[in-house]
Amino acid sequence: MRQCTLHGVRPGLNLPLRLNNQIVGVIGLTGDPDGLLQFGELVCMTAEMMLEQVHLLQLLAQNSRLREELVLSMVRNDSYSATMQEWAQRLGVDLTLPRVAMVVELDSGQLGVSTAMSELQQLQSLLMETGKDDLIAIVSLTEMVVLKPAYLHAERWEPEEHKRRMTQLYQRLQQGSPLKVRLALGNFFPHEGGVVRSYHTAKTTISVGKQRMPDVHCFCYEDIKLPVLLDSLRDGWQAAELVSPLQRLKTNDGNGVFRKTLHT
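Values in this document were obtained by computation on a predicted structure and should not be read as measured data. (Residues numbered from 1 in each chain as written. Predicted model: local features only at pLDDT ≥ 70, side-chain atom pairs only at ≥ 80, totals over all residues. Heavy atoms only, no water.)

(A) A look at the packing of aromatic side chains. If you walk through the whole model with that rule in mind, you get two aromatic pairs. Look at Tyr151 and Phe188: their rings are 5.5 Å apart centre to centre, the planes differ by 80°, and that puts the pair in the edge-to-face class. Remark: Phe188 occurs in the loop between strand 6 (180–185) and helix 5 (194–212) and Tyr151 occurs in the loop between strand 5 (143–149) and helix 4 (159–176); sequence separation between them is 37 residues. Overall, the relative accessible area of 27% leaves Tyr151 in the partly exposed class. The buried category is assigned to Phe188, whose relative accessible area is 9%. Ring centres of Trp157 and Phe188 lie 5.2 Å apart, and the angle between their planes is 40°; this geometry places the pair in the tilted category. One end of the pair, Trp157, is in the loop between strand 5 and helix 4; the other, Phe188, is in the loop between strand 6 and helix 5, with 31 residues separating them in the sequence. Put simply, the rings of Tyr151, Trp157 and Phe188 touch in pairs and so form one group of aromatic residues. (Phe/Tyr/Trp six-rings, centres within 6.5 Å; stacked < 30°, edge-to-face > 60°. Helix = DSSP H or I, 4+ residues; strand = E, 2+ residues; numbered from the N terminus. Buried < 20%, exposed > 50% of the residue type's maximum accessible area, 1.4 Å probe, protein only.)

Next up, the structure:
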C-alpha cells in the first residue's frame, strides 16, 4: 500500500508464509517495496524453512511417543488386536518378529522428577544407538523396557550371545550416563503372547537377582532360572508347604548341626 492512500501507513510489502501449500502467516517488511522484494523473498524462504523444520521435529516426536505406546501395549497384551496391528504397520514395526524382553532398572532416587526424566531420555537415546531394531519404552521413572530381536543368526535362540551383548551394553551405558543401572534379560517364548511372558520373566529376574547378588548389575534368566520360577511361591501357602520340612528340622536341631550338615 502507498502511504498516500491510507493515513499513518508506512510503505512496504507483505509476503505470505506457506507450509504444506497452505498459508499459515505473513511476513511484513517496511521500506521501498521495489527494493525490498528480493530481500523479502529471502526472509520469507528462511522463515518457511524454519517452520518446516519445527513441523518435522513435531512429527518425529509424535512418532516416537506412538512407538513407545505401542511397546507398552505389546508388554501388556497377550494378543495383538487389529487396531494394534494397523498401528504397528503405520509405524513400520513388524509384530511378527520374535522378540525377547530386557528390563533396564534405574537408580534415580537421588534426582528430582525433571532431572530424572532428562536422564531417562538421554539413556533412551543411548539405547537407541546400540540397536537399530530394538523397541524401547519408558515404563516409569525407574524402569525402561527394551524388546530385542530374539534371533541373532538365522532362526536360532542364543542366550549366551544375548548375555554377552547385554554386558557390553551395560559397560557402554556406564560410560555415557551418570545413572546407576541394572539390566535383566528375560526368557524367550517364540509363540503368541511371548513378549508379555518374556517381559514378566525379565522383571522377576532383576528382582530375584538383586536379592541374591546385590553387587551384580547384569542378570540373565537362564542363570537363575530355578529361583525365578520359585519366586511366585515366596509369599503364598505354597512357600509354607515347601519350608515345612525345614521348620521341623529346626525344631529338633538345637545346636544347628543338622542345618549345617544339610547346607554342606
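From this point, the narrative continues.
(B) Focus on the sheet that holds strand 3 (residues 99–107). Spatially, 4-5-3-6-7 is the arrangement adopted by the five strands of the open sheet, whose pairing is mixed. In this open sheet, the two strands that pair with only one neighbour each are strand 4 (135–140) and strand 7 (218–220). Shown here is a sheet whose adjacent strand axes are inclined to one another by a mean of 20°, direction ignored. Summarising the sheet, strand 3 and strand 6 pair through six bridges and their orientation is antiparallel. Looking at strand 6, one finds that Val103 is bridged to Ala184. Sitting on the sheet, helix 4 touches strand 3, strand 5, strand 6 and strand 7, and the angle it makes with strand 6 is about 170°. Packing against the sheet, helix 5 makes contact with strand 3, strand 4, strand 5, strand 6 and strand 7, and its axis sits at approximately 40° to strand 3. (Pairing = 2+ DSSP bridges. Axes fitted to C-alpha atoms, helices over the stretch in contact; angles between N-to-C directions. Contact = heavy atoms within 4.5 Å.)

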